[in-house]
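Structural features, examined
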Amino acid sequence: MTETALIAGAEPWSSQGEGARAGTGVAVLHGFTGNPRSVRPLAERIHAAGFTVDMPLLPGHGTEWRDLAKTRYLDWRGAVEAVVDRLVERCDRVILVGLSLGGTLALDVGSRRPEDVAGIAAINPQILDPEQPLAKLNPILQYIIPAAPRDLAGMPSDDIAKPGADEGAYKMVPAKAAQSLISELPRLRAQLTDLSTPLLVAYSPQDHTVPAKNSEALVDLVASDDVETLVLERSYHVATLDWDQEQLEDAIVAFVERLHGG
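The following refers to the structure shown. Being a predicted model, the structure only gives us computed values, none of them experimental. (Residues numbered from 1 in each chain as written. Predicted model: local features only at pLDDT ≥ 70, side-chain atom pairs only at ≥ 80, totals over all residues. Heavy atoms only, no water.)

Here we come to the nonpolar core. Counting 43 residues, the largest nonpolar core has F32, W76 and L107 as its most contacted members. With 30 residues, the next largest nonpolar core counts V28, V53, I95 and A121 among its residues. (Core = buried A, V, L, I, M, F, W, Y, C linked by side-chain atoms within 4.5 Å. Buried < 20%, exposed > 50% of the residue type's maximum accessible area, 1.4 Å probe, protein only.)

Below, the structure is given as structure tokens:
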């Protein structure tokens, strides 16, 4: 049986850090329907600062949407748990960094494993129930249609302000896979009220996929007294490839450096 070919740039990547900073491991997580291409520059920047980095390809991603249709939220969370396990074995501390679904997964795993996760950086994470009309109908539609074009599903294909930037995401959104994420959000919100881990929340006011009020609600929800916020004024949803990329990378590296030093 022939395996589905990977999208160019969708390969997972990991690399050991150098010097004293190698003892801090950073997991860098991509978003729903996306792949590591969207966060590779960020992962490489963190590694260039000396830290150990593990950037996985989440199950069902990076090939074609029918592969994603076979997976569910627990598959993606399990993949992140496996990354944390790997980093815990070879590092003194672990920090999770995620974009969109990657941010949601970082918050979920980080709040479930506070003894293993020293900090979380979430970029435009989804924690509130989506308000797009199709998303509200998805509990029923998932049994009628296998997938919907991403623009109809409330995930605009051009949610990057910078011309020419492309994350290589799927053009179709599998309904059951999407619903598996939506169904977990109430549990996650209840779980996050106990989160006391240091947190960096970076968000775009002009996000057309995950409204900024998700990040604003997150800041109010968590118990942590160590919360930084970064507003990405010039960027849309995929801020890791957008106009504020350098500012975002600087802030995340500084966050990791602070936790490493602490």
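Let us keep going from here.
For the rest of this paragraph, the subject is the environment of L259. Within the element layout of this structure, L259 appears in helix α9 (residues 245-261). Sequence-distant contacts of L259, that is, excluding residues within four places in its chain, are made with R93, I95, A118, G119 and P198. (Helix = DSSP H or I, 4+ residues; strand = E, 2+ residues; numbered from the N terminus. Contact = heavy atoms within 4.5 Å.)

Space inside the largest pocket adds up to approximately 600 Å³. If you go around the largest pocket, you meet 41 residues; those closest to its centre are F32, R150, G154, M155 and T209. (1 Å grid on protein atoms, 1.4 Å probe; cavity = no way out; pocket = protein on both sides within 12 Å on 5 of 7 lines; lining within 4 Å. Points joined across faces, edges and corners; volume = space filled by probe spheres on them.)

Strand pairing in a sheet relies on backbone hydrogen bonds, with the paired strands running either antiparallel or parallel. With respect to topology, seven strands assemble into an open sheet ordered β1-β3-β2-β4-β5-β8-β9, the strand pairing being mixed. Because the sheet does not close on itself, it has two edges, and the strands there are β1 (13-15) and β9 (227-231). Direction aside, the axes of adjacent strands within the sheet are offset by 15° on average. Pairing between strand β5 (residues 119-123) and strand β8 (residues 199-203): four bridges, direction parallel. Bridging across to β8, I123 finds its partner in A202. Against the sheet, α9 touches β2 (24-29), β4 (93-99), β5, β8 and β9, its axis set at about 170° to β5. (Pairing = 2+ DSSP bridges. Axes fitted to C-alpha atoms, helices over the stretch in contact; angles between N-to-C directions.)

It is worth spelling out the packing of aromatic side chains at this point. Per the counting criterion, the structure on display carries two aromatic pairs. With a centroid separation of 5.5 Å and 50° between ring planes, the pair formed by F32 and W76 is classed as tilted. Taken together, the positions of F32 in the loop between β2 and α1 (40-48) and W76 in helix α3 (residues 73-90) put the pair 44 residues apart, joining distant regions of the chain. Judged by centre distance (6.2 Å) and plane angle (75°), the ring pair of Y73 and W76 falls under edge-to-face. In this pair, Y73 and W76 both sit in helix α3, three residues apart, roughly one turn of the helix. (Phe/Tyr/Trp six-rings, centres within 6.5 Å; stacked < 30°, edge-to-face > 60°.)

Once that is clear, we can look at the environment of I127. Residue placement: I127 occurs in the loop between β5 and α5 (133-141). Among residues more than four places away in sequence, those in contact with I127 are L107, L185, L188, R189, L192, N214, A217, L218 and L221.

As enumerated under the stated definition, the model contains 20 salt bridges in all. R187 is the salt-bridge partner of D108, the closest N and O atoms lying 2.7 Å from each other. With D108 in helix α4 (residues 101-112) and R187 in helix α7 (residues 185-192), the pair connects residues that are 79 residues apart, well separated along the chain. Look at D108 and you get buried, because its relative accessible area is 0%. (Salt bridge = Lys/Arg side-chain N within 4 Å of Asp/Glu carboxyl O.)

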